[in-house]
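Observations on chain architecture
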Number of protein chains: 2
Amino acid sequence: MRKIAIDAMGGENAPEAIVEAVLKAKPELPEDKFIFFGDEGKMKELLPADDDQIEIVATTEVILDEDEPVKAMRTKKDSSMVVAANWVKEGKADALLSLGNTGALLTCGIFIVGRIKGVARPGLMPTMPVESSDDGFNIIDVGANATSKPEYLLQWAEMASCYAEKVRGVSKPRVALLNNGAEFDKGDDLHKEVYQLLQDSSLNFTGNIEGHELLQGKADVVVTDGFTGNAVLKSIEGTGSVIIHMLKDGLLNNGVKAKLGALLAKDALKSVASRFDKDKYGGAVLLGLNSPVVKQHGRSDARAVYYAVKQIDKILTEDLTNTFKQEFSK
Amino acid sequence: MRKIAIDAMGGENAPEAIVEAVLKAKPELPEDKFIFFGDEGKMKELLPADDDQIEIVATTEVILDEDEPVKAMRTKKDSSMVVAANWVKEGKADALLSLGNTGALLTCGIFIVGRIKGVARPGLMPTMPVESSDDGFNIIDVGANATSKPEYLLQWAEMASCYAEKVRGVSKPRVALLNNGAEFDKGDDLHKEVYQLLQDSSLNFTGNIEGHELLQGKADVVVTDGFTGNAVLKSIEGTGSVIIHMLKDGLLNNGVKAKLGALLAKDALKSVASRFDKDKYGGAVLLGLNSPVVKQHGRSDARAVYYAVKQIDKILTEDLTNTFKQEFSK
């Protein structure tokens, strides 16, 4: 039986939404066992007793969003996140899901779960929506690394391409490099060098991609340095939420006519929103660790967590980590 | 009389939209003379004869969007852009407006018009919209430089702050650094160092800003390295246009009900679109040159060009370039 460690205390809707999501996914995943790390009283209250697929590990501390990551990992030794990470490290669990403090989860991932031998730096990789289909694309790294070297980006591209193929079922994923122009000689030294590395690799490298093309579905995997990737991901999310917020406000606070219009156009507006629903792709994976670590947004509801649980099951089923271990230990 | 050099041949709607825009702005700007560089036959056909505010300089070549910038500048010596830039260099014109090839305009700006003594690198700076007001914000550099050093960013911040104050009328502009977190020690070495430089400057530095906060109106000036700025600007524009495209498509191709809804909600939707209309702020200014050079989008219509003409008049009225010259020659 595969064992998934669930940090039940992270995120705004913890632990209720997390428990609800796992209980919904559980019957679909009979091969998985879910180990909940969190407040014992609350866990017992929310979870069914005598269920072979469920285990509770009582923890007494919680890492908060405002906690400094490294300090939190070192001092909150009985926090749900740190204890869960230790179970993964010790082989008592096979993967870790958390909605908590991103920096702390990256820190626990790198220092407790540990890097795969041969992987220079783990990279954080969400799956993002595209305009033209429900396929989405992966982008790596979106902020696990403030400073990046060419060889990091090559490894991230290799791991993300493997993820796109095995977990998302994309055949020969198109890999593109986020750059400031289409031509091969664009960018700073880092990106010029990465272009050559990708060109010389066995990946299906399709060249540079620019910021405005990201949501157009031109690539299945976009590789970027962690600083730019972080800024770009946040800019896309910020722009989307500002426009949607203004639209809602404009439609609901502009008199009866606009309100009626919004009501009539409801289905059409919903179909746009559902295309841009990135929850259905699961969470962001920290690729390159000894076991899968998945971060889901702190604001996630049960539906988003449900997809992250299914995503982890798929990553384990495809044995992604062992593929990486074999690849990079060469 | 101030003289504005107009590259009449650049952009998708050249020369008609450009001529239309200038003719509209002309009566409002009696102190300005507009020198059109372009095909003589077309210019004479479109422009009134015997007008003290208008002059035509015949050119025979056009730099195309697909031309390689440096090569184009060197070989197309009789192109509208190169000749216009030379007039500015020789003091026969005071500023340059173009809708043409961005790379070529940057090249002509830097190598023909020339840098202000003491400015390490010119930076490209558009004005972008914000959610909460019509004020917008400036972001610099959005791609004139693939590689950036700390001192470049400090100078860009100083010039952009001066622009925000004098041209946009913002008192004590709030200057923020685009970074991957809120805390002072975030980012790579470049951004950590810039944080300190800004902190120690006389600017109204408000700290780091993250990608998702850009459109929220938290800063009047955002300073960023040219690589990240380019990716972020394109990502914001791309996300906006993808969402708007999908909305239009969703509302118009989802049956009668959605169409009727769109009709009723038309004014509300328009008010959202007008908030995100960045044309009203003019074009992107290449700050740090001996004379103002403004780039307007190649797809711009007459309305957008009109605002760019007004913007250039304001830059000249405020004598921004001499302010920079005094500041940086110290």
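Calculation criteria
- Residues numbered from 1 in each chain as written.
- Chains lettered and ligands numbered in written order.
- Predicted model: local features only at pLDDT ≥ 70, side-chain atom pairs only at ≥ 80, totals over all residues.
- Heavy atoms only, no water.
- Helix = DSSP H or I, 4+ residues; strand = E, 2+ residues; numbered from the N terminus.
- Rg over C-alpha atoms; globule rule 2.2 N^0.38 Å.
- Buried < 20%, exposed > 50% of the residue type's maximum accessible area, 1.4 Å probe, protein only.
- Contact = heavy atoms within 4.5 Å.
- Areas by Shrake-Rupley, 256 points an atom, 1.4 Å probe, with all protein chains shown as cover.
- Phe/Tyr/Trp six-rings, centres within 6.5 Å; stacked < 30°, edge-to-face > 60°.
- Pairing = 2+ DSSP bridges.
- Axes fitted to C-alpha atoms, helices over the stretch in contact; angles between N-to-C directions.
- Domains from an automatic or database assignment.
- Buried area = accessible area lost by both parts, 1.4 Å probe.
- Salt bridge = Lys/Arg side-chain N within 4 Å of Asp/Glu carboxyl O.
- Least-squares fit on C-alpha atoms with pLDDT ≥ 70 in both.
- Right-handed = clockwise from strand over helix to strand, strands pointing away.
- Polar contact = N/O pair within 3.5 Å; in protein donor to acceptor, adjacent residues only side chain to side chain.
- Nonpolar A, V, L, I, M, F, W, Y, C, P; charged D, E, K, R; others polar.

1. Topic: the overall build of chain A
Per the secondary structure count, chain A includes 12 helices and 12 strands. Relative to the compact-globule value of 20 Å for 330 residues, chain A shows a C-alpha radius of gyration of 20 Å, a close match. Structurally, chain A occupies a C-alpha span of about 65 × 60 × 35 Å along its principal axes. Each of the 330 residues in chain A was classed as buried or not, and the buried ones make up 58%. Expressed as a percentage of contacts within chain A between residues at least 6 apart in sequence, the contacts between residues at least 24 apart total 70%. For chain A, the computed accessible surface area is about 13700 Å², with 48% contributed by carbon and sulfur atoms.

2. What to know about the packing of aromatic side chains
As enumerated under the stated definition, the model contains 12 aromatic pairs over all chains in all. Between the aromatic rings of Y152 of chain A and W156 of chain A, the centroid separation amounts to 6.0 Å while the plane-to-plane angle is 50°, which identifies the pairing as tilted. Highlighted residues: Y152 of chain A and W156 of chain A, both in helix α6 (residues 150-166), separated by 4 residues, approximately one helical turn. We classify Y152 of chain A as buried; its relative accessible area is 7%. Consider the rings of F37 of chain B and W87 of chain B, whose centres lie 5.4 Å apart with planes at 80°: the pair is edge-to-face. Linking F37 of chain B in strand β2 (residues 32-38) with W87 of chain B in helix α4 (residues 80-89), this pair joins segments that are 50 residues apart in sequence. Under the relative-accessibility criterion, F37 of chain B is labelled buried at 0%. What makes W87 of chain B buried here is its relative accessible area of 17%.

3. Quick look at the sheet that holds strand β10 (residues 221-223) of chain B
All names here are of chain B. Spatially, 5 strands are ordered β6-β7-β10-β8-β9 in an open sheet, and the strand pairing comes out mixed. Two strands close off the open sheet at either side, each with one partner strand: β6 (127-128) and β9 (204-209). Two strands pair when backbone bridges link them, and β6 and strand β7 (residues 137-140) are joined in this way by 2 bridges, in the antiparallel orientation. Bridge pairing in β7 places M128 opposite F137. Relative to the sheet, helix α6 (residues 150-166) contacts β6, β7, β8 (174-178) and β10, its axis offset from that of β10 by approximately 165°.

4. Observations regarding the domain arrangement of chain A
Residues and elements named next belong to chain A. Partitioning chain A into domains gives domain 1 (1-119 + 288-330) and domain 2 (122-279). Each of domain 1 and domain 2 was reduced to a C-alpha centroid, and the two centroids are 25 Å apart. Contact with domain 1, which involves 21 residues of that partner, is made by 15 residues of domain 2. Buried area between domain 1 and domain 2, summed over both chains or domains, comes out near 1600 Å², and the portion from carbon and sulfur atoms is 66%. Considering only the surface of domain 1 that becomes buried against domain 2, L106, L320 and F328 emerge as the three largest contributors, covering 25% of it. Our count for the contact surface shared by domain 1 and domain 2 stands at 2 salt bridges.

5. Description of the relation of the copies chain A and chain B
Superposing chain A onto chain B takes a rotation of 180° plus a shift of 0.0 Å along the axis, which leaves an RMSD of 0.0 Å. As the rotation angle and translation indicate, the two copies are arranged about a two-fold axis. Residues of chain A ranked by C-alpha distance from the rotation axis are headed by G261 of chain A, positioned 1.8 Å from it. Looking at the interface residues of chain A, 100% of them are also at the interface in chain B, so both copies use one shared face.

6. Quick word on the pattern of salt bridges
All names here are of chain B. With the rule as written, the count across this model stands at 31 salt bridges over all chains. With a closest N to O distance of 2.7 Å, R2 and D313 form a salt bridge. Linking R2 in strand β1 (residues 2-7) with D313 in helix α11 (residues 302-317), this pair joins segments that are 311 residues apart in sequence. Judged by relative accessible area, R2 falls into the partly exposed class, the value being 23%. Here D313 falls in the buried class, since its relative accessible area comes to 11%. In this structure, K76 and D67 form a salt bridge, with 2.7 Å as the shortest nitrogen-oxygen distance.

7. Points about the pairing of β9 of chain B
Residue and element names in this part refer to chain B. Across 5 bridges, β8 lies against β9 in parallel orientation. Paired with L178 across the two strands is I209, which belongs to β9. For the crossover from β8 across helix α7 (residues 189-200) to β9, the handedness is right-handed.

8. A word on the interface of chain A and chain B
Across the contact, 47 residues belong to chain A and 47 residues belong to chain B. Interface area for chain A against chain B, summed over the two sides, is near 4100 Å², with a carbon-plus-sulfur share of 74%. Interface area lost by chain A to chain B is led by F227, M246 and L264 of chain A, which between them contribute 16%. Linking chain A to chain B there are 2 salt bridges. The partner of E210 of chain A in a salt bridge is K234 of chain B, with the nearest N and O atoms 2.3 Å apart. One can count 8 residue pairs in polar contact (both at pLDDT 80 or more) joining chain A with chain B. Secondary-structure elements contributing two or more residues to the side of chain A that touches chain B are α8 (226-252), α9 (255-264) and α10 (266-275) of chain A. Broken down by class, the residue content of the side of chain A that touches chain B amounts to 21 nonpolar, 18 polar and 8 charged.

9. Section: the side chain of N208 of chain B
Residue and element names in this part refer to chain B. Relative to the elements of secondary structure, N208 occurs in strand β9. A polar atom in the side chain of N208 sits 2.8 Å from the backbone oxygen of E183. If we skip the residues at most four places from it in the chain, N208 touches L177, N179, G181, A182, E183, F184, K186 and Y195.

10. Observations regarding the sheet that holds strand β5 (residues 123-125) of chain A
Residues and elements named next belong to chain A. One open sheet holds the 7 strands; their spatial order is β3-β2-β1-β4-β12-β11-β5, and the pairing between them is mixed. Both edges of this open sheet fall to β3 (54-58) and β5, since each of them pairs with a single strand only. Neighbour to neighbour, the strand axes of the sheet diverge by 25° on average, direction disregarded. Summarising the sheet, strand β1 (residues 2-7) and strand β4 (residues 95-98) pair through 3 bridges and their orientation is parallel. Bridging from a neighbouring strand, I4 pairs with A95 of β4.

11. Some remarks on the pairing of strand β11 (residues 284-287) of chain B
Residues and elements named next belong to chain B. Residues of β11 alternate between two faces, with A284 and L286 on one and V285 and L287 on the opposite face, all of them buried. Pairing of β11 with strand β12 (residues 293-295) involves 2 bridges; the strand directions are antiparallel. Its bridge partner being in β12, A284 is matched across the sheet by K295. Taken together, β11 and the strand that follows it, β12, pair antiparallel across an intervening segment of 5 residues, in which G288 is found at a positive phi of about 110°.

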